[in-house]
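Examination of the molecular architecture
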Amino acid sequence: MMQRSGLPARWATFAWTVILCVVGCKVADDLFGDDEESAPDEPGLLDRPVVIPSRGSNDNGGAAGAAMSSGGSAGDGGGGAAGAAGAGGAAGAGGAGIDVPPPAVAGTPGRVVNDNVLACDDGDCREAGGRCDGDTCVIECDEDSIICNDDPVECPDGANCLINCVDEDTCIAAILCPDEGDCTVNCEEVGTCTEEIDCGGSVNCEINCNETDTCTGVFSVEADLSALSLKCDDDNSCQGQLVNCGDAGCLVSCRGNNSCDIDINLTGQLSRADCIGTDACNGEIDCSRGQGCEINCGGLNSCAQVVGCGRDGNTTQCDVTCLANGSCGGGVNCLAQACNIECGNESCLNDVVCLQGTDTCDVDCGNDACTADVICSSDAACTLDCNGNRSCQQQVDCTSDDADCTVLCTGDESCDEVTCTANNGACDISCDGDDSCPRGVTCDSDREVGDCRFDGDR
């Protein structure tokens, strides 16, 4: 009897085992099996490109938005293309590392999107002399601080960093900003920030020198990969060594009198220097290797040295505006895909030149401006507009390799002498101002229009 009664129990156990196996295999097949009928073109896992995103990246429409290792933004490409990779070698388009800055915030120079996931570690922040406030390490530098005054500030990586110089003559040691986070340094007491600030690994870097005699001595800024915003908006601020903008662009604001007596290298996707104070920006200013740059010399006698574009590499567009009396006293040299130069009110007192290799060149000279030579050597169209009275007082020379040259001498006593060469285009010269072009016009081109045959003295 026991044998008979035990036999059905074993069969029942076996039957339940079979049922569970069938059901389990079906579930596994649904989860991991290939459904060729429903998605015949979907590659298998081993066939898909493997993309390991950096911190703060996301996946949008099949594109891997690999963030910059020093603080990047998510890519927003599609069609399986990989997003921008950082200097740390994150996967980029085609699997290659590409140094591409995050996108600018609404086209604002000196500010980009920071999508990194940040956190402030209490221990690391205390070691740097600060305290955590959310994802920010806050460092207060007073007259008794060892860190800031004797020892350099070293912000912890992976968090934002805020440095406040709360007493006069503090923050007189070097400052190293964090990797991946944003960095803000407030030098807003007299005599603060007299050493280098290195924020090359940060995403955004903001330095405020908004008190007289701040950011002086051997003060310098190295931005490298970060987007830099430097404000020198009080008198005698930012009288140091060098401001080196980086690939993400920058904004340098010099609104104080005698501010920004410092060399400024503008680079990156969008950069601007505003030299608004009297005698502001009296160091060298150059815009190179960027996507677009503006140099605004709006203060009396501002931009005393040569304002240059393309010295260290071609830039897409360079706009130089010199509208205050005595501004751009050293002249302007531009090498870019597009050079736009405007001089007015007794400005541009030395040569204004679009250098060989420039595509399009437009120069506008107002009253008593451009008192030295005005020269264009462009590959594409060139327009020299001497519309101000007594503008372009010396040689006006226009040369285009593949397009037209236009020289407009409409101001009274403008354009001492004009030379035009356009072998593959037209020379179009206008000497309509009273006593303009007194030494005549020389043209060498396929087509000659306007006053090309004018010999002068009319």
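What counts, and at which threshold
Within each chain, residue numbers correspond to sequence positions counted from 1 in written order. The model is predicted, so local features are restricted to residues of pLDDT at least 70 and side-chain atom pairs to those at 80 or more, both for listing and for counting; the totals for chains, interfaces and linings are taken over all residues. Note that the side-chain values use all heavy atoms of the structure and ignore hydrogens as well as water. Disulfides are defined in this document as cysteine sulfur pairs within 2.5 Å. Under the DSSP-based scheme used, a helix requires at least four consecutive residues in state H or I and a strand at least two consecutive residues in state E, with every element numbered from the N terminus. The buried label goes to any residue with under 20% of its type's maximum accessible area, the exposed label to any with over 50%, and the partly exposed label to all in between, with areas taken from a 1.4 Å probe on protein chains only. Residue contacts are counted whenever heavy atoms from the two residues lie within 4.5 Å of one another. Definition used for salt bridges: Asp or Glu carboxyl oxygen within 4 Å of a side-chain nitrogen of Lys or Arg. Side-chain atoms alone can form a polar contact between residues adjacent in sequence; in general such a contact is a pair of N or O atoms within 3.5 Å, and within protein one must be able to donate a hydrogen while the other accepts it. Scored from 0 to 100, pLDDT reflects the predictor's confidence in each residue. By convention a nonpolar core is built from buried Ala, Val, Leu, Ile, Met, Phe, Trp, Tyr and Cys residues, the set being connected through side-chain atoms within 4.5 Å. Residues qualify for a patch when their relative accessible area is over 30% and they have no salt bridge, like charges being joined within 9 Å and the nonpolar side chains of Val, Leu, Ile, Met, Phe, Trp and Tyr within 5 Å. Values of accessible area rely on a 1.4 Å probe in the Shrake-Rupley scheme; residue burial ignores everything except the protein chains shown. Under this rule, positive means Lys or Arg and negative means Asp or Glu; His and the chain ends count for nothing. Just so you know, the charge point we use is NZ for Lys, CZ for Arg, CG for Asp and CD for Glu.

Looking now at the state of the cysteines. For the structure shown, the criterion picks out 28 disulfides. Here cysteine 120 is linked by a disulfide to cysteine 132, with a sulfur-sulfur distance of 2.1 Å. A torsion of -80° about the S-S bond marks the disulfide between cysteine 120 and cysteine 132 as left-handed. With a gap of twelve residues between them, cysteine 120 in the loop between strand S2 (63-64) and helix H2 (122-127) and cysteine 132 in strand S3 (residues 131-133) connect regions that are remote in the sequence. By relative accessible area, cysteine 132 is classed as partly exposed at 23%. Across a sulfur-sulfur distance of 1.9 Å, cysteine 209 and cysteine 215 are joined as a disulfide pair. Torsion about the S-S bond of the cysteine 209 and cysteine 215 cystine: about -80°, corresponding to left-handed handedness. The same class applies to cysteine 209 as to cysteine 215, namely buried.

Residue placement: asparagine 314 occurs in the loop between strand S19 (307-309) and strand S20 (315-322). Non-local contacts of asparagine 314, meaning those with residues more than four positions away in its chain, are made with Arg289, Gly290, Leu335, Ala336 and Gln337.

Scanning the entire structure with this criterion turns up nine salt bridges. Two residues, aspartate 274 and arginine 272, come together in a salt bridge whose shortest N-O distance is 3.1 Å. Residue classification places aspartate 274 among the buried residues on the basis of a relative accessible area of 6%. Under the relative-accessibility criterion, arginine 272 is labelled partly exposed at 25%. One salt bridge in this structure joins arginine 311 and glutamate 284, with 3.2 Å as the shortest N-O distance. Placement of the pair is arginine 311 in the loop between S19 and S20 and glutamate 284 in the loop between strand S16 (271-275) and strand S17 (285-290), with a sequence separation of 27 residues. Each of the salt bridges in this network shares a partner with another, and the network as a whole consists of Arg255, Arg272 and Asp274.

Right, let's get into the environment of threonine 212. Along the chain, threonine 212 turns up in the loop between strand S10 (204-208) and strand S11 (220-222). Residue class for threonine 212 comes out partly exposed when judged on its relative accessible area of 23%. For the pair threonine 212 and aspartate 233, spaced 21 residues apart in sequence, the C-alpha to C-alpha distance is 8.5 Å. For threonine 212, the residues in contact, after removing those within four places along its chain, are Val190, Gly191, Asp234, Asp235 and Asn236. Engagement of the side chain of threonine 212 in a polar contact is seen with the backbone oxygen of aspartate 235, the distance being 3.1 Å.

Glancing now at unusual backbone geometry. Here arginine 390, not a glycine, exhibits a phi torsion of approximately 60°, which is positive. When you line up the elements, arginine 390 lands in the loop between strand S26 (382-386) and strand S27 (395-400). You will see that glutamate 413, though not glycine, has its phi angle at about 60°, which is positive. Look at glutamate 413 and you get partly exposed, because its relative accessible area is 43%.

Let's shift gears to the side chain of asparagine 265. With respect to the element layout, asparagine 265 can be found in strand S15 (residues 263-268). Among the polar contacts listed, one links the side chain of asparagine 265 to the side chain of asparagine 244, at a separation of 3.1 Å.

Attention shifts here to the environment of glutamate 413. Inspection of the secondary structure assignment puts glutamate 413 in the loop between strand S28 (405-408) and strand S29 (417-430). Considering only alpha carbons, one finds glutamate 413 and aspartate 434, 21 residues apart in sequence, at a separation of 6.0 Å. Those residues in contact with glutamate 413 that lie beyond four places of it in its chain are Arg390, Ser391, Gln393, Asp434, Asp435 and Ser436.

Detailed reading of the predicted coordinates is not advisable wherever pLDDT falls low. Residues of the protein chain with pLDDT of at least 70 account for 78%, and the chain-wide mean is 81. Low confidence marks residues 1-98, where pLDDT is under 50. Its contacts with residues over four positions away, or in another chain, come to 115 contacts.

With that out of the way, let us pick up the nonpolar core. Of all hydrophobic cores here, the largest spans 95 residues; its most connected members are Ile139, Ile163, Leu228, Leu230, Val252 and Leu266. The dominant element in this core, judged by the number of residues it contributes, is S29, at five residues. Filtering out sequence-adjacent residues up to four positions away, isoleucine 139 remains in contact with Ala128, Gly129, Gly130, Cys148, Val153, Cys155, Cys161, Leu162, Ile163 and Asn164.

What follows deals with a negative patch on the surface. Judged by side-chain charge, Asp121, Asp122, Asp124, Glu127, Glu154, Asp157 and Asp179 come together as a negatively charged surface patch. When residues of the negative patch are assigned to their parent elements, the largest contribution, three residues, is made by H2. Inspection of the secondary structure assignment puts glutamate 127 in helix H2.

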